[in-house]
Amino acid sequence: TDTLRKGAGGNADDGLLKDFTSLDAMARMDGNSLLTSKALIGSDLLFDFNSSSLRQSARVSLMKVALLIDKHPHLICWVDGHTDLIGGEEPNLLLSKKRAMAVKMWLVETLELDVKRIAVRGYGKVQPLVKKGTAEEQAPNRRVEIKMRKSRPNEEVAYDKGNKDGVREPKKKVPVKAIPVEEDE
């Protein structure tokens, strides 16, 4: 769409935003080239507004992601969810996590990909491509980014197969308290 072509200075003839690669181009890359690439799938292509349920039309893009994962068994697929700037921080953060997790769940449950090969993160509205504007102008912010990397990210959303939307917040690490030791005299 014109919005995607214009958003974030991405005035590219092929409609790609600056710094993004198409899934088709990523499928042709070797493992080393993939390590610095990322693809964008517009959330409007995958989900209805304010929903984390995948549309039927999402299958083509998700099949391309599955091919990437299958073709590069030594890499981990990072699925990063993002939202626009409309609405509150917490609801957008949760929506971004649920959308990214919906992608993972479809890949795992429909195509039987290994759950350990896909890492999910949600960013809400903290990494916008378009800093202001109407809902239509902010369409590029509503996205799922796909990255192929050698290792898992430091933080990710835990997969909970028993939960309807698959999202389980990671447990917070509690620092171990030091125990005082008496010195020998």
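Everything that follows concerns the structure shown earlier in this document.
Below, the structure is looked at part by part. Here the structure is a predicted model, which is why all the values come from computation and not from measurement. (Residues numbered from 1 in each chain as written. Predicted model: local features only at pLDDT ≥ 70, side-chain atom pairs only at ≥ 80, totals over all residues. Heavy atoms only, no water.)

For Ser96, the position within the fold is in helix 6 (residues 89–111). Only 2.8 Å separates the side chain of Ser96 from the backbone nitrogen of Gly124, close enough to count as a polar contact. Ignoring any residue separated from it by four or fewer positions in sequence, one finds Ser96 in contact with Gly81, His82, Thr83, Gly122, Tyr123 and Gly124. (Helix = DSSP H or I, 4+ residues; strand = E, 2+ residues; numbered from the N terminus. Polar contact = N/O pair within 3.5 Å; in protein donor to acceptor, adjacent residues only side chain to side chain. Contact = heavy atoms within 4.5 Å.)

The geometry of an aromatic ring pair comes down to the distance between the two centres and the angle between the two planes. Per the stated rule, a full pass over the model turns up zero aromatic pairs. The ring of Phe20 has Lys38 sitting right over it, with the charged end atom 4.8 Å from the ring centre. (Phe/Tyr/Trp six-rings, centres within 6.5 Å; stacked < 30°, edge-to-face > 60°. Lys NZ or Arg CZ within 6 Å of the ring centre and 35° of its normal.)

This part covers the nonpolar core. Where a protein is soluble and globular, its nonpolar side chains tend to be buried together. Counting residues in hydrophobic clusters, the biggest one holds 33 residues, and the most contacted among them are Val79, Leu107 and Ile146. Taken together, the elements giving at least two residues each to this core come down to helix 2 (23–27), strand 1 (38–42), helix 5 (59–71), strand 2 (76–82), helix 6, strand 3 (118–122) and strand 4 (143–149). Ranked by residues supplied to this core, first place goes to helix 6 with eight residues. If near-sequence neighbours (up to four positions away) are discounted, Val79 is found in contact with Ala100, Val103, Ile118, Ala119, Val120, Arg121, Val144, Glu145 and Ile146. (Core = buried A, V, L, I, M, F, W, Y, C linked by side-chain atoms within 4.5 Å. Buried < 20%, exposed > 50% of the residue type's maximum accessible area, 1.4 Å probe, protein only.)

Taking 1.5 Å per residue, 13 residues should reach 18 Å; helix 5 reaches 18 Å between its end C-alpha atoms and fits that length. Buried within helix 5 are the following residues: Ser61, Leu62, Val65, Ala66, Leu68 and Ile69. Burial along helix 5 is one-sided: seen end-on, the buried residues are contained in an arc of 155°. Opposite the buried face of helix 5, at more than 90 degrees from it, the exposed residues are Val60, Leu67 and Asp70. (Expected span 1.5 Å × (residues − 1). Arc of directions from axis to C-beta.)

As a further point, take the packing of helix 5 against helix 6. The geometry of a pair of packed helices is captured by two quantities: the angle between their axes and the separation between those axes. Orientation of helix 5 relative to helix 6, taken along the N-to-C sense of each, is 75°, at an axis distance of 11 Å. Of the possible angle classes, the one that applies to helix 5 and helix 6 is roughly perpendicular. Of the residues in helix 6, those in contact with Arg59, Leu62, Met63, Val65, Ala66 and Ile69 of helix 5 are Val103, Trp106, Leu107 and Leu111. In terms of residue class, the contact of helix 5 with helix 6 is built from nine nonpolar, no polar and one charged. (Axes fitted to C-alpha atoms, helices over the stretch in contact; angles between N-to-C directions. Parallel < 35°, antiparallel > 145°, perpendicular 65-115°, else oblique. Nonpolar A, V, L, I, M, F, W, Y, C, P; charged D, E, K, R; others polar.)

Looking at the secondary structure, you find Lys64 in helix 5. Residue classification places Lys64 among the partly exposed positions, given a relative accessible area of 28%. Sequence separation of Lys64 and Ala27 is 37 residues, and the distance between their C-alpha atoms is 7.5 Å. Excluding residues that lie within four positions of it along the chain, Lys64 makes contacts with Leu23 and Asp24.

With that settled, consider the pairing of strand 3. By the criterion of burial, strand 3 is predominantly enclosed, with five of the five residues buried. Of the two faces of strand 3, the one lined by Ile118, Val120 and Gly122 and the one lined by Ala119 and Arg121 are each fully buried. By the bridge criterion, five bridges tie strand 2 to strand 3 in an arrangement that is parallel. Bridge pairing in strand 3 places Val79 opposite Val120. After leaving strand 2, the chain enters helix 6 and then returns to the sheet as strand 3, a path that is right-handed. (Pairing = 2+ DSSP bridges. Right-handed = clockwise from strand over helix to strand, strands pointing away.)

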